[in-house]
Amino acid sequence: MILPTDLPREVAERAVQPGFDTVLDQARSARRRRRRTTIASGMAAAAVVGGIAWGTGPGSDGGPDPAGSSRSQAPTEITGSVDPDLPAGVHRILSGDMVDPWVVSPSDGGIAALWADCGGANGCRIALVSRLGDQVSSRVLPETAFPSLQGVPGGWLLETADGFTRVTPEGEDQPVYDTGGSLTHPEPGDTAVSTRRGWRLLRGDKLITVPAPEGDTVQAAYVTPAGRIVVAVRRGSGIVVASSGDGSTWSYTHMTTAADRIVGAVIAGQGDDVAVALLGDSPDGSIPVLQVSVSDDAGETWAYASEGRLAGGPGGLADLNGLAVGADGTTWLTTGSAGLVRVDSRANVMATQLSSHDRGVFAVADRVCLVTERGRYDVLSCSDDDGTTWVTQALPGLQ
Amino acid sequence: MPRANAIDRVQDVYGTSYRRLVGQLTGVTGDPVEAEDAVMEAFARAVNSSRSFLAAENPEAWLRTVAVNVTRTRWRRNRFFRDVSHRLADAESYDDLPEDRLALLAALRRLPAPQREAIALHHLADLPVHEVAEAVGAPVGTVKARLARGRAALAELLSEPDPEPDPEPDPRPDSERSTR
């Protein structure tokens, strides 16, 4: 067979090259569109790390490392293909042209992915696939409101239009009830989760309203293993971060005003280490990360990351899509502007981009993991040496 | 905002590499207009990922990899670049391509995507196998296997202009939930 190898040249000769302004316009449009997705994904990331904190806190053995199966096993080549043993309905979704791992979350030794294929004319098709060792559980979710998934003690909290379910790593469902009700004191073992009706504390099989100072609207929350809660609340046109041991007496930090142009906050934590990212709103359509602060005493005192990278100016961080705190207190961010970013315990900021589209960072046990772009399907990249080396593995549902 | 020197660098590469990349990506997409969209999006990403782009040893290879990824991950274009789905290019520009080129593009479109990428980048764009492997994010051995299968499939497609496409394998009987 002889191929007409002149084809690329012949096409190149005919290609009409738009002016460079077209590239710049497209880049600006992309940043504006990212803005609309960043807040939601950032909030989801905060909820994920809330669950991780439980898994590694006092009184827990942490269980097996959900993302660390490669530590005790020889790494296998990632073929980048859909697991042929999945049920046909799930297989079809994962084979979709526009399928995406919308949420990837660890819990109790397993890891789950919420896959969405939004390429059809009739909205999105959603599948949940979880993996615990060699055991894979999967299901097609109803095509109703877009579900959410967060790692919590005992599995993942799945919210659909029908309500809440805790899906165990073994694939079983346990009902969870949103009691709402009056504010309550946070307790050890509570997990802060984000729901469509606002932030809640997951306690056993009940969801309880998160306490907040003076009835402010909670933007993000994290509960330490000892039961101390850190919240970011909207007050007037600013954001206030506060912490409390009993849900009624609050220590205030991070007081901002309208002049600071803070539009949102994301909180993540592990043990008593907590990180807060305050987000702005740039005229160019991006969401700058205006401030990252870290605390190693459950929100009592804070160190502020060097502002050189955080002022929203040239080279500044923007478009946060993940926030996590590692076992050693290192804070990790994934951003649209610089990929993976590491903030050490001295609050020094260093970008360590792994792929052209790093996102969804989370920490579990002594590992930090994120979803990195790699061909047809993204992969999970994990490091257990503070980001020096990375091991990739397939996302749940893939090989 | 991207740094000014980064934008200058992207503009330089845009001037020298845009058309060549469109030519190379045409085999990957099987459609020169889609190739133009993918390459344009790759340049836009270079502007928005200026640090990574500036750090690349070979900017054109960086753009090629991003463009290949763009063609494979349409969902991202839909999610983050939804308004870019309009065709930036005029398809009529390519109407005068020789018949055998059009037949080749039609055959390429019928290949599985991994084989099409390997064939296009190696045999049409003339990239060495290791650069193809880098561009598509697969081991060299995997690329070689795809090339072998792709050549065989393409030979069959080009010798039989209108064969019926293979039905998709049915992985397992349908069911809503499964644990194994």
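From a predicted model like this one, the values you see are computed outputs, not experimental measurements.

Our next topic: the overall build of chain B. Per the secondary structure count, chain B includes 9 helices and 1 strand. For chain B, buried positions account for 45% of its 180 residues. Counted over contacts in chain B with a minimum sequence separation of 6, partners at least 24 positions apart contribute 68%.

Turning our attention to the confidence of the model for chain B. Residues and elements named next belong to chain B. Counting all residues, the mean pLDDT for chain B is 76, and 76% of those residues have values of 70 or more. Considering each helix and strand of chain B separately, the mean pLDDT is smallest for helix α5 (residues 74-80), with a value of 37, and largest for helix α1 (residues 4-29), with 90. pLDDT under 50 marks residues 74-89. Its contacts with residues more than four places away, or in other chains, come to 38 contacts. Here residues 163-175 is modelled with pLDDT under 50, and outside its nearest four sequence neighbours on either side it reaches 15 contacts, counting other chains as well. Across the assembled chains, the prediction reports ipTM 0.76 with pTM 0.60.

Given a rise of 1.5 Å per residue, 17 residues ought to cover 24 Å, and the 24 Å separating the end C-alpha atoms of helix α2 (residues 32-48) of chain B matches this to within 8%. The element α2 of chain B is largely enclosed, with a buried count of 16 among its 17 residues.

This paragraph deals with the confidence of the model for chain A. When pLDDT is averaged along chain A, the result is 80, and 80% of the positions lie at 70 or above. Under a pLDDT of 50 for its full length, residues 34-76 of chain A has, in the predicted model, 126 contacts with residues more than four places off or in other chains.

This part is about the sheet that holds strand β21 (residues 331-335) of chain A. Residues and elements named next belong to chain A. On the basis of which strands lie adjacent, the open sheet formed by 4 strands has the order β20-β21-β22-β23 and antiparallel pairing. Each having just a single partner strand, β20 (320-325) and β23 (349-351) make up the two edges of the open sheet. Direction aside, the axes of adjacent strands within the sheet are offset by 20° on average. Pairing between β20 and β21: 5 bridges, direction antiparallel. Looking across to β21, one finds that Leu323 is bridged to Leu333.

Residues and elements named next belong to chain A. Within the chain, Asp319 stands out as a residue other than glycine whose phi angle is a positive 60°. As for its placement among the helices and strands, Asp319 is situated in the loop between β19 (303-304) and β20. The exposure class assigned to Asp319 is buried, which follows from the 27 C-beta atoms found within 10 Å. A positive phi angle is found at Asp386, which is not glycine, with a value near 65°.

Another point: the environment of Ala394 of chain A. Tracing the chain through its elements places Ala394 of chain A in the segment after β27 (391-393). Ala394 of chain A sits in the buried class, given 20 other C-beta atoms within 10 Å.

Attention shifts here to the nonpolar core. Among the nonpolar cores identified, the biggest contains 103 residues, and Trp115, Ala127, Ala221, Val231, Ala265, Ile267 and Ala277 of chain A are the most heavily contacted of them. In this structure, Tyr14, Leu25, Val47 and Ala107 of chain B belong to the second largest nonpolar core, which totals 49 residues.

The next thing to look at is helix α6 (residues 99-110) of chain B. Residues three or four positions apart in an α-helix share a direction because the helix packs 3.6 residues into each turn. Residues and elements named next belong to chain B. The terminal C-alpha atoms of α6, which comprises 12 residues, lie 17 Å apart, in line with the 16 Å expected from a rise of 1.5 Å per residue. Those residues of α6 lying buried are Leu104, Leu105, Ala107 and Leu108. Buried residues along α6 cover an arc of 165° about the axis, so they all sit on one side.

For the rest of this paragraph, the subject is the sheet that holds strand β12 (residues 217-223) of chain A. Residues and elements named next belong to chain A. Taken in spatial order, the 4 strands make up an open sheet running β12-β13-β14-β15, and their pairing is antiparallel. Each edge of the open sheet carries a strand with a single partner, namely β12 and β15 (251-253). Direction aside, neighbouring strands of the sheet carry axes that sit 25° apart on average. Pairing of strand β14 (residues 238-244) with β15, which is carried by 3 bridges, proceeds in the antiparallel orientation. Bridge pairing links Ser243 to Ser251 in β15.

What follows is about the packing of α6 of chain B against helix α9 (residues 140-159) of chain B. All names here are of chain B. Contact geometry for α6 and α9: axes closest at 9 Å, N-to-C directions at 130°. By the angle class used here, α6 and α9 are oblique. Relative to α9, α6 is oriented so that their crossing is right-handed. Facing α6, whose interface residues are Ala103, Ala107 and Arg110, α9 presents Leu154, Leu157 and Leu158. Split by residue class, the contact of α6 with α9 holds 5 nonpolar, no polar and 1 charged.

This paragraph deals with the pairing of strand β11 (residues 206-209) of chain A. All names here are of chain A. Sheet topology note: the strand β8 (residues 173-180)/β11 ladder contains 3 bridges and is parallel. Looking at β11, one finds that Tyr177 is bridged to Lys206. The pairing of strand β10 (residues 198-203) with β11 spans 4 bridges and is classified as antiparallel. Note that in β11 the partner of Arg200 across the bridge is Thr209.

Turning our eyes to something else, we now look at the environment of Val218 of chain A. Residue and element names in this part refer to chain A. In this structure, Val218 sits in strand β12. C-alpha of Val218 to C-alpha of Arg234: the two residues are 16 residues apart in sequence and 6.6 Å apart in space. Ignoring sequence-local partners within four residues, the contact set of Val218 consists of Gly198, Trp199, Val210, Ala212, Val231 and Val233.

Cut-offs used in this document
Residues numbered from 1 in each chain as written. Chains lettered and ligands numbered in written order. Predicted model: local features only at pLDDT ≥ 70, side-chain atom pairs only at ≥ 80, totals over all residues. Helix = DSSP H or I, 4+ residues; strand = E, 2+ residues; numbered from the N terminus. Buried ≥ 20, exposed ≤ 12 C-beta atoms within 10 Å, placed from the backbone. Contact = placed C-beta atoms within 7 Å. pLDDT = per-residue confidence, 0-100. Expected span 1.5 Å × (residues − 1). Pairing = 2+ DSSP bridges. Axes fitted to C-alpha atoms, helices over the stretch in contact; angles between N-to-C directions. Core = buried A, V, L, I, M, F, W, Y, C linked by C-beta atoms within 7 Å. Arc of directions from axis to C-beta. Parallel < 35°, antiparallel > 145°, perpendicular 65-115°, else oblique. Left-handed = near helix turned anticlockwise from the far one by under 90°. Nonpolar A, V, L, I, M, F, W, Y, C, P; charged D, E, K, R; others polar.

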